[in-house]
Amino acid sequence: GDEEFILPGESAMVRPKRQFRHRQTVFASATIPQHRHFLKQCKANQWTLEEPIFVCTSPGEALPPTLQHAYMVCATMEKKVSTLRRIITKLHQSQSNKKILVFCDPFRNMETMALAVAQDIHGTLFQEGKTSLANDSIVSVLKMEDSLSQRAGATQAFASEGPMRVMITTDLAARGLDIAKISHVIHYDLPPDSDTYLHRSGRSGRLGQKGQVLSIV
């Protein structure tokens, strides 16, 4: 439509018109469940004037080819925390300059897990307003019930440069999180379906970089 506006310093009598005639909007996603139904709903609910055009690129390559996938078997559920700690400790010993993203179910006590991991790698558990991003190793927790500022702080701490960064989170971070140089994704709890596995694992191996995905089962 036509929009009238006044440029700074111009007289109120001068009202140039800015006209918008054509616009293209692109929505991108690694997966769109029931995409045919979604496209019809867009027009039926008048979200769009016309039914959107669906474009699928490289449908046979859902996950980055630079990712390596592996799993580790635990004898009992009680040993999962110690297994996670051993994995991260070993990664820290081999080369400390890593970013490790750990996915858990929401009912887990992620703060307790994060504190134990921080102690293992002689690091710091991130606390908003108290932890300097210049610290050597930082372990942060990202979960839905935290405030926006807490979530932003935890994400910033994980994204910051440093010898080692670990973030323990839920599927809150499985989609839309674009942080460079995530070297490892660990599925502490297995995802509920293949799409979630795709989104979680896709946090690593971005833009042609190598990454490793490890599932604890």
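Residues numbered from 1 in each chain as written. Predicted model: local features only at pLDDT ≥ 70, side-chain atom pairs only at ≥ 80, totals over all residues. Heavy atoms only, no water.

Asker: A description of the overall build of the protein should follow, citing residues and the corresponding values.
Answerer: Scanning the protein from terminus to terminus reveals 5 helices and 9 strands. Ordered by position in the sequence, the α and β elements of the protein form the string β-β-α-β-α-β-α-β-β-α-β-β-α-β. Counting only residues that meet the buried cut, the protein has 36% of its 217 residues in that class. A fraction of 64% describes how many contacts in the protein between residues 6 or more apart in sequence connect residues 24 or more apart. On the protein, roughly 14,000 Å² of surface is accessible, and the fraction owed to carbon and sulfur atoms is 54%. (Helix = DSSP H or I, 4+ residues; strand = E, 2+ residues; numbered from the N terminus. Buried < 20%, exposed > 50% of the residue type's maximum accessible area, 1.4 Å probe, protein only. Contact = heavy atoms within 4.5 Å. Areas by Shrake-Rupley, 256 points an atom, 1.4 Å probe, with all protein chains shown as cover.)

Asker: Can you tell me about the packing of helix 2 (residues 80-94) against helix 3 (residues 110-120), naming the residues and giving the values?
Answerer: Orientation of helix 2 relative to helix 3, taken along the N-to-C sense of each, is 35°, at an axis distance of 10 Å. As helix 2 runs across helix 3, the sense of the crossing is right-handed. The residues of helix 3 that touch helix 2, namely those facing Val81, Leu84, Arg85, Ile88 and Thr89, are Met113, Ala116, Val117 and Asp120. Within the contact of helix 2 with helix 3, the residues separate by chemical class into 6 nonpolar, 1 polar and 2 charged. (Axes fitted to C-alpha atoms, helices over the stretch in contact; angles between N-to-C directions. Left-handed = near helix turned anticlockwise from the far one by under 90°. Nonpolar A, V, L, I, M, F, W, Y, C, P; charged D, E, K, R; others polar.)

Asker: So what about helix 5 (residues 194-201)? Which residues, and what values?
Answerer: Looking at helix 5, one finds that the buried residues are Thr196, Leu198, His199, Arg200 and Ser201. Here the buried face of helix 5 lies against strand 3 (67-72), strand 4 (98-103), strand 8 (184-187) and strand 9 (211-216). Where helix 5 begins, one side-chain oxygen reaches toward the backbone nitrogen of Asp195, 3.4 Å away; that side chain belongs to Asp193. (Polar contact = N/O pair within 3.5 Å; in protein donor to acceptor, adjacent residues only side chain to side chain.)

Asker: A description of unusual backbone geometry should follow, citing residues and the corresponding values.
Answerer: Even without being a glycine, Gln46 presents a positive backbone phi close to 60°. Examined against the element boundaries, Gln46 turns out to sit in the loop between helix 1 (35-44) and strand 3.

Asker: Account for the nonpolar core, with residues named and values stated.
Answerer: Buried together is how nonpolar side chains tend to be arranged in soluble globular proteins. Leu84, Ile88, Ile100, Val102, Val166 and Ile186 are the most contacted members of the largest nonpolar core, which has 23 residues in total. Of all the elements in the fold, those that place two or more residues in this core are helix 2, strand 4, helix 3, strand 6 (137-142), strand 7 (164-169) and strand 9. Sort the elements by how many residues they give to this core and helix 3 lands first, with 5 residues. Once residues within four sequence positions are removed from consideration, Val102 is found in contact with Leu84, Ile88, Val166, Met167, Ile168, Thr169, Ile186 and Tyr188. Grouped together as the second largest cluster of nonpolar side chains are 13 residues, Leu67, Phe103, Ala173 and Leu177 included. (Core = buried A, V, L, I, M, F, W, Y, C linked by side-chain atoms within 4.5 Å.)

Asker: Which residues make up the pattern of salt bridges, and what values go with them?
Answerer: Tallying each qualifying case throughout the model produces 7 salt bridges. Asp120 serves as the salt-bridge partner of Arg85, at 2.7 Å between the closest nitrogen and oxygen. With Arg85 in helix 2 and Asp120 in helix 3, this residue pair connects regions lying 35 residues apart in the sequence. We classify Arg85 as partly exposed; its relative accessible area is 29%. By relative accessible area, Asp120 is classed as partly exposed at 24%. For the salt bridge of Asp178 with Arg206, the shortest nitrogen-to-oxygen distance reads 3.0 Å. Of this pair, Asp178 sits in the loop between strand 7 and strand 8 while Arg206 sits in the loop between helix 5 and strand 9, and the two are 28 residues apart along the sequence. (Salt bridge = Lys/Arg side-chain N within 4 Å of Asp/Glu carboxyl O.)

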